[in-house]
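Here are the chains, one letter per residue:
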Amino acid sequence: MDESILKGFSKYTKQQRIVALILKYGFQEDLASWLASFENSDSSIQKIIDDLSENPISSFHFPFSIAPNFLVNGKKLFFPLVSEESSVVAALSNAAGFWAKRGGFHAEVLGTEKKGQVHFIWKGNPENLQAIFSEIKNKILAESALLTAKMEERGGGITGIELKSLPHILPNYFQLDAGFETCDAMGANFINSCLEQFGKSLLDYFETSEKISEDSRECEIIMSILSNYTPESHVRAWVECPVADLLEGKSPQECELFARKFEQAIRISQADVSRAVTHNKGIFNGIDALAIATGNDFRAIEACGHAFAARNGHYAGLTDVQINNGKFRFSIELALAVGVVGGVTAVHPLAKLSMQILDNPTAEELMMYLAVAGLASNFGAVKALVSVGIQQGHMKMHLSNILNQLSIPEGRRVEIEQHFQDKTVSFSAVKEYWEMLLKREGTKTQSKDLF
Ligand code: MEV
């Protein structure tokens, strides 16, 4: 038996987990108090955070930021953002202010249906099964009525169940492919509970129905699970303005050149996968930051968004631009599923505050805000890329991280920032400059001491 395998780690107290860490890695004994310094002084809040996961030893902080000046469908909003990439918040803030002066962002929800499947193997005839499927479906719906009653009261429930025979994937493989409306909830638990019940009803039908021959009663449920790909839960957002209004204080020719390069960048993202992935990463910089701040599952949102980006058979950028009759229209279409009730949104104190900052949106409104965050982030990135380049802005932000890494005292930062205003920022360059300053000051002090 491998003695190094820890058993029952999840039952350890926080203190015991930290001791295990110290023993394994030889960390200093004061690790526990250092980790505790990252925790909330209010133990009831810390308990909420700890309970979000397993085996916590502390809290891992990311900045909770605000991008002001968003105007979405005529409504003025601040966007709460959680991101460790400072240029993301800057890009969203700049884009928000820029478009607020040009009519703001427009958005509409194109659908909200979510999906899930029961995957099963059955060795009978697919056509015969299809012929009796309406009877099976009625049984499934009747037997899941208890589970769906509450959701139906809120206007949701099961929107459809289809039988799919997919022998090209696996021999004798079928799916029950179901659609769900989950209103303001993400609905993962609701959907998965329904699907597991569908599986039980299906097994029962195969076992008991006289329409099933004795030699084909055997059915094997492989799994019952929601799909994070929700192409029918999708949203569109866009901005528009005259091309001549695209660059503040610049000539119409410069604006036109900018619009042309912007359009070229978008076309490249739509055709070239290497560029498309980075382009979409920039979009998700904004979407994820807002999704995390509101306690939504950003992994599900990303997975869905990337699958949607490949919906036409090749992976492409999610945004589009149209330039017609001197008008610039920049848009995004995105599939995503979110919730505004239940889950982390309902328990994390800062997620709750984020929802208040967004004026307690419905799930549909949050879908629109997420699409807007993606569009704003992409606008900022592509604008920088086709004009001054990305490094200028990035490095300015990066400098503050380097100053932190080097523990530069607060009172000394401005002179270093000024020095690097027109210079290339790198860790070694900043370190070298700081060391030079210290050396110079040391020399000065010494000479003063001499006299
Ligand atoms: C960096 O986080 C995101 C960008 O690379 C996105 C893009 O290239 O469009 C700037």
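Per chain, residues are indexed from 1 in the order of the written sequence. Only residues with pLDDT of at least 70 get local features here, since the model is predicted, and only at 80 or more are side-chain atom pairs given and counted; chain-wide, interface and lining totals rely on the full set of residues. Only hydrogens and water are set aside when side-chain values are computed; all heavy atoms of the structure are taken into account.

### Quick word on the site of the ligand
The criterion, for reference: Only heavy atoms are used to decide nearness, and a residue is near a molecule or strand if one of them lies within 4 Å of it. Contacts described as polar in this section are N or O atom pairs within 3.5 Å, which, within protein, must combine one atom able to donate a hydrogen with one able to accept it, while residues neighboring in sequence count only if both atoms come from side chains. For the area figures, the Shrake-Rupley method with a 1.4 Å probe applies, and any residue is considered shielded solely by the protein chains shown. Helix numbers and strand numbers start at the N terminus; a helix is a DSSP run of H or I with at least 4 residues, a strand a run of E with at least 2. In this count, Pro and Cys sit with the nonpolar residues alongside Ala, Val, Leu, Ile, Met, Phe, Trp and Tyr, while Asp, Glu, Lys and Arg are called charged and the others, Gly among them, polar.
Neighbouring the ligand are Glu 85, Arg 275, Thr 278, His 279, Lys 281, Gly 282, Asn 285, Ala 381, Leu 385 and Ile 390. At 2.7 Å from an oxygen atom of the ligand is found a side-chain nitrogen or oxygen belonging to Lys 281. Here the ligand loses 87% of its free accessible area of 300 Å² to cover by the protein chains. Of all the elements in the fold, those that place two or more residues in the shell around the ligand are helix H10 (273–293) and helix H14 (363–386). In terms of residue count, H10 provides more of the shell around the ligand than any other element does, 6 residues in total. Taken together, the residues of the shell around the ligand break down into 3 nonpolar, 4 polar and 3 charged.

### Some remarks on the packing of helix H7 (residues 145–153) against helix H8 (residues 188–208)
Just so we agree on the cut-off: Helix axes use the C-alpha atoms of the stretch in contact, all axes being lines fitted to C-alpha atoms, and the angles between their N-to-C directions lie in the range 0 to 180 degrees. Between 65 and 115 degrees an angle is taken as roughly perpendicular, under 35 as roughly parallel, over 145 as roughly antiparallel, and anywhere else as oblique. Each crossing is labelled by how the near helix is turned from the far one, with a counterclockwise turn of less than a right angle marking it left-handed and a clockwise turn marking it right-handed. Throughout, a contact is declared for two residues whenever any of their heavy atoms are within 4.5 Å.
Packing of H7 against H8 leaves a shortest axis separation of 10 Å and a crossing angle of 150°. If you check the angle between H7 and H8, you find them roughly antiparallel. Viewed along their axes, H7 and H8 form a crossing whose handedness is left-handed. Along the contact surface, H7 presents Leu 147, Thr 148 and Met 151, while H8 presents Phe 190, Ser 193, Cys 194 and Gln 197. Considered class by class, the residues forming the contact of H7 with H8 number 4 nonpolar, 3 polar and no charged.

### Some words on the nonpolar core
Our working rule: Nine residue types can take part in a nonpolar core, namely buried Ala, Val, Leu, Ile, Met, Phe, Trp, Tyr and Cys, and a core is a set of them joined through side-chain atoms within 4.5 Å. For the exposure calls, accessible area comes from a 1.4 Å probe over protein chains only, and a residue counts as buried if that area is under 20% of its type's maximum, exposed if over 50%, partly exposed in between.
Core analysis: the biggest nonpolar cluster contains 66 residues, and Phe 70, Phe 79 and Phe 328 have the highest contact counts within it. Look past the residues within four positions of Phe 70 in its chain and what remains in contact with it is Lys 75, Lys 76, Leu 77, Phe 79, Leu 92, Ala 96, Phe 105, Val 372 and Ala 376. Judged by nonpolar contacts, the second largest core, of 26 residues, contains Val 118, Trp 122, Phe 190 and Cys 194.

### Topic: the side chain of Asn 280
Among the structural elements, Asn 280 can be located in helix H10. Not counting residues up to four positions away in its chain, the partners in contact with Asn 280 are His 306, Ala 309, Tyr 315, Ala 316, Gly 317 and Leu 318.

### Some thoughts on the packing of aromatic side chains
For the record, the criterion: When two rings of Phe, Tyr or Trp (its six-membered ring) have centres within 6.5 Å they constitute a pair, described as stacked for plane angles under 30 degrees, edge-to-face for angles over 60, and tilted for the intermediate range. For a ring to carry a charge above it, either NZ of a lysine or CZ of an arginine must fall within 6 Å of the ring centroid while also lying within 35 degrees of the normal to the ring plane.
On inspection of all chains with the given rule, the structure shows 24 aromatic pairs. Here Phe 120 and Phe 206 contribute two aromatic rings whose centre-to-centre distance is 6.3 Å and whose plane-to-plane angle is 55°, an arrangement assigned as tilted. With a gap of 86 residues between them, Phe 120 in strand S4 (residues 114–122) and Phe 206 in helix H8 connect regions that are remote in the sequence. Note on accessibility: Phe 120 and Phe 206 belong to one class, buried. These aromatic residues form a ring-pair network of at least three members: Phe 98, Trp 99, Phe 258, Phe 262, Phe 328, Phe 330 and Phe 379. In this structure, Lys 24 is placed above the aromatic ring of Tyr 25, and the distance from its NZ or CZ to the ring centre is 5.2 Å.

### Details of the sheet that holds strand S8 (residues 233–242)
Rules: Here, strands pair whenever DSSP counts at least two bridges between them.
Sheet architecture is open: 4 strands sit in the order S3-S8-S10-S9, paired in antiparallel fashion. Here the strands that pair on one side only, and so sit at the sheet edges, are strand S3 (106–112) and strand S9 (319–324). For this sheet the average axis-to-axis angle between neighbouring strands, irrespective of direction, equals 15°. Sheet topology places S9 next to strand S10 (residues 327–335); 6 bridges connect them, and they run antiparallel. Looking at S10, one finds that Val 321 is bridged to Phe 330. The strands touched by helix H9 (residues 252–271) are S9 and S10; relative to S9, the strand with the most contacts, the crossing angle is about 140°.

### What to know about the domain arrangement of the protein
Often the size quoted for an interface is simply the accessible area lost on bringing the parts together. Here is the rule we go by: The split into domains, and so the bounds of each, comes from an automatic or database assignment of domains.
Under the domain assignment used here, the protein contains domain 1 (1–61), domain 2 (69–110 + 235–388), domain 3 (114–227) and domain 4 (398–449). Computed over C-alpha atoms only, the centres of domain 1 and domain 4 are separated by 36 Å.

### Let's talk about a nonpolar patch on the surface
Here is the rule we go by: Patch criteria: residues need more than 30% relative accessible area and no salt bridge. Like-charged residues are merged within 9 Å; nonpolar side chains of Val, Leu, Ile, Met, Phe, Trp and Tyr are merged within 5 Å. For this document, the term salt bridge refers to a Lys or Arg side-chain nitrogen within 4 Å of an Asp or Glu carboxyl oxygen.
A cluster of nonpolar side chains, Ile 169, Leu 170, Ile 222, Met 223 and Ile 225, forms an exposed patch at the surface whose accessible area comes to about 430 Å². Along the chain, the position of Ile 225 falls in strand S7 (residues 219–227).

### Examining the pattern of salt bridges
This model, assessed by the stated rule, comprises 24 salt bridges. A salt bridge links Glu 108 to Arg 236, with the shortest nitrogen-to-oxygen separation between them at 2.8 Å. With a gap of 128 residues between them, Glu 108 in strand S3 and Arg 236 in strand S8 connect regions that are remote in the sequence. According to the relative accessible area criterion, Glu 108 is partly exposed, its value standing at 32%. You can call Arg 236 partly exposed: its relative accessible area is 27%. Via salt bridges that share partners, Lys 101, Arg 102, Asp 245 and Glu 248 belong to a single interconnected network.

### Points about the sheet that holds strand S6 (residues 173–181)
As summarised here, the arrangement of the 4 strands in space is S5-S6-S4-S7, forming an open sheet in which the pairing is antiparallel. Every interior strand has two partners, whereas the edge strands, strand S5 (157–165) and S7, have only one. The mean inter-strand angle of the sheet, taken between neighbouring strand axes irrespective of direction, is 15°. With 8 bridges connecting them, S4 and S7 associate as antiparallel partners. In the sheet register, Gly 116 faces S7, and the bridge partner there is Leu 226. Of the strands in this sheet, S5 and S6 are in contact with helix H6 (residues 133–143), which crosses S5 at around 145°. Docked against the sheet, H8 engages S4, S5, S6 and S7, running at close to 160° with respect to S7.

### Some points on unusual backbone geometry
Positive phi outside glycine occurs at Asp 359, with the angle close to 65°. A positive phi angle, near 50°, is found at Ser 407, a position not held by glycine. Relative to the helices and strands, Ser 407 is located in the loop between helix H15 (391–405) and helix H16 (413–419).

### Comments concerning the environment of Gly 317
When you line up the elements, Gly 317 lands in the loop between helix H11 (298–309) and S9. Since its relative accessible area comes to 13%, Gly 317 is described here as buried. Considered as a pair, Gly 317 and Ile 268 are 49 residues apart in the sequence and their alpha carbons are 8.4 Å apart.

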